[in-house]
Amino acid sequence: MLQPKRRKFIKDFRGRRRGLATRGSEISFGDFAMKAQEVAWVTSAQIESARRTITHNLKKGGRVWVRVFPDKPITSRPAGKRMGGGKGDISTYVAVVKPGMILFEVAGAAEAIVREAMRRASAKLPIDIKIISRED
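To keep things clear, this report deals only with the structure shown in the data block. Because the structure is predicted, anything quoted here is derived from the model rather than measured. (Residues numbered from 1 in each chain as written. Predicted model: local features only at pLDDT ≥ 70, side-chain atom pairs only at ≥ 80, totals over all residues. Heavy atoms only, no water.)

**Comments concerning the packing of helix α1 (residues 44-58) against helix α2 (residues 111-122)**
Which entries qualify depends on this criterion: Axis definition: a line fitted to C-alpha atoms, over the contacting stretch in the case of helices. Angles run 0 to 180 degrees between N-to-C directions. Comment: elements are numbered from the N terminus, with helices defined as DSSP H or I runs of at least four residues and strands as E runs of at least two. Note on angle classes: values under 35 degrees are labelled roughly parallel, values over 145 roughly antiparallel, values of 65 to 115 roughly perpendicular, and the remainder oblique. Each crossing gets its hand from how the near helix is turned against the far one by less than a right angle, where anticlockwise is left-handed and clockwise is right-handed. Working rule for contacts: check all heavy atoms of both residues, and any pair within 4.5 Å makes them a contact. Residue polarity is assigned by list, with Asp, Glu, Lys and Arg as charged and Ala, Val, Leu, Ile, Met, Phe, Trp, Tyr, Cys and Pro as nonpolar; anything else, Gly included, falls into the polar class.
Interaxial distance between α1 and α2 falls to 8 Å at its minimum, and their mutual angle equals 150 degrees. Regarding the angle of α1 to α2, the classification is roughly antiparallel. Judged by the sense of rotation from one axis to the other, the crossing of α1 with α2 is right-handed. When α1 is examined against α2, the residues A50, T53, I54, N57 and L58 are found in contact with a partner set consisting of I113, V114, A117, R120 and A121. Tallied by class, the residues present in the contact of α1 with α2 amount to seven nonpolar, two polar and one charged.

Laid out in structure tokens, this is it:
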């Protein structure tokens, strides 16, 4: 799974999930891309699952770029634990995804194959996505 090698501070605040993506909203590397349509926390397991689905469906034809990285630690407390005692331990890392953010890019494969691969990968993610191309 993806996670940061080291951090300056161990735990983060939850933050506000609102607004549009200001950076990472243009196609930079590939010909086709998955663009987020909603706000969400996408976990490292979901990113890896979607990446594996795309590469599996491309069948060695094409290159995939992952444009999001889960760098926000999410803490949780054990079930049945009483209130108090401070913040819980880190359970997973998430990427904060905002509308307009590019999640994955693909180049070097036919459009029909890429669209089908991204459609299947979108089922692994908790958000609605839009498949865009460089020509759009």
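That shown, we press on.
**Things to note about α1**
Note the following rule: Helix span, expected: 1.5 Å multiplied by one less than the number of residues in the helix.
With 15 residues, α1 should reach 21 Å at 1.5 Å per residue; the first-to-last C-alpha distance of 21 Å fits that figure. Of the surrounding elements, those touching the buried residues of α1 are β1 (32-36), β2 (40-43), β3 (63-66), β5 (89-97), β6 (102-107) and α2.

**Brief notes about the nonpolar core**
To keep things clear, this is the line we draw: Among buried residues, the Ala, Val, Leu, Ile, Met, Phe, Trp, Tyr and Cys ones that are joined through side-chain atoms within 4.5 Å form a nonpolar core. Residue burial is assigned from relative accessible area. The probe radius is 1.4 Å, only protein chains are included, and a residue is buried under 20% of its type maximum, exposed over 50%, and partly exposed in between.
Formed by 25 residues in total, the largest nonpolar core has its most connected members in M34, I54, L103, F104, L125 and I127. Among the elements of the structure, β1, β2, α1, β5, β6 and α2 are those that each provide at least two residues to this core. The residues touching L125, leaving out its near neighbours within four places in the chain, are M34, V42, Q46, A50, L103 and F104.

**What to know about the packing of aromatic side chains**
Convention followed: When two rings of Phe, Tyr or Trp (its six-membered ring) have centres within 6.5 Å they constitute a pair, described as stacked for plane angles under 30 degrees, edge-to-face for angles over 60, and tilted for the intermediate range. Two thresholds decide whether a charge sits over a ring: the Lys NZ or Arg CZ must be within 6 Å of the ring centre and within 35 degrees of the ring normal.
Following the criterion strictly, the structure yields one aromatic pair and no others. The lysine or arginine in question, R17, covers the ring of W41, its NZ or CZ lying 5.3 Å from the ring centre.

**Some details on a positive patch on the surface**
Definition in use: The patch calculation keeps residues exceeding 30% relative accessible area without a salt bridge and links them within 9 Å when they carry like charges or within 5 Å when they are nonpolar (Val, Leu, Ile, Met, Phe, Trp, Tyr). Calculation of accessible area relied on Shrake-Rupley with a 1.4 Å probe; when residues are assessed, cover is drawn exclusively from the protein chains displayed. For this document, the term salt bridge refers to a Lys or Arg side-chain nitrogen within 4 Å of an Asp or Glu carboxyl oxygen. Charged residues are defined here as Lys and Arg on the positive side and Asp and Glu on the negative side; His and the ends of the chain fall outside this count. Each charge is placed at NZ for Lys, CZ for Arg, CG for Asp and CD for Glu.
On the surface, K11, R14, R17, R77, K81 and K87 cluster together into a patch of positive charge. Among the secondary structure elements, R77 is positioned in the loop between β4 (72-76) and β5.

**Structural notes on α2**
What counts here: Think of it as the arc spanned by the lines of direction from the helix axis to the C-beta atoms.
Across its twelve residues, α2 extends 16 Å between first and last C-alpha, which sits within 8% of the 16 Å expected from 1.5 Å per residue. Along α2, the residues classified as buried are V114, A117, M118, A121 and S122. Down the axis, α2 shows its buried residues gathered within 135 degrees of arc, on one side only. In the core, the buried residues of α2 are packed alongside β1, α1, β6 and β7 (129-133).

**What to know about the environment of A117**
Here A117 is to be found in helix α2. Here A117 falls in the buried class, since its relative accessible area comes to 1%. Not counting residues within four places of it along the chain, the set of residues in contact with A117 comprises T53, I54, N57 and L58.

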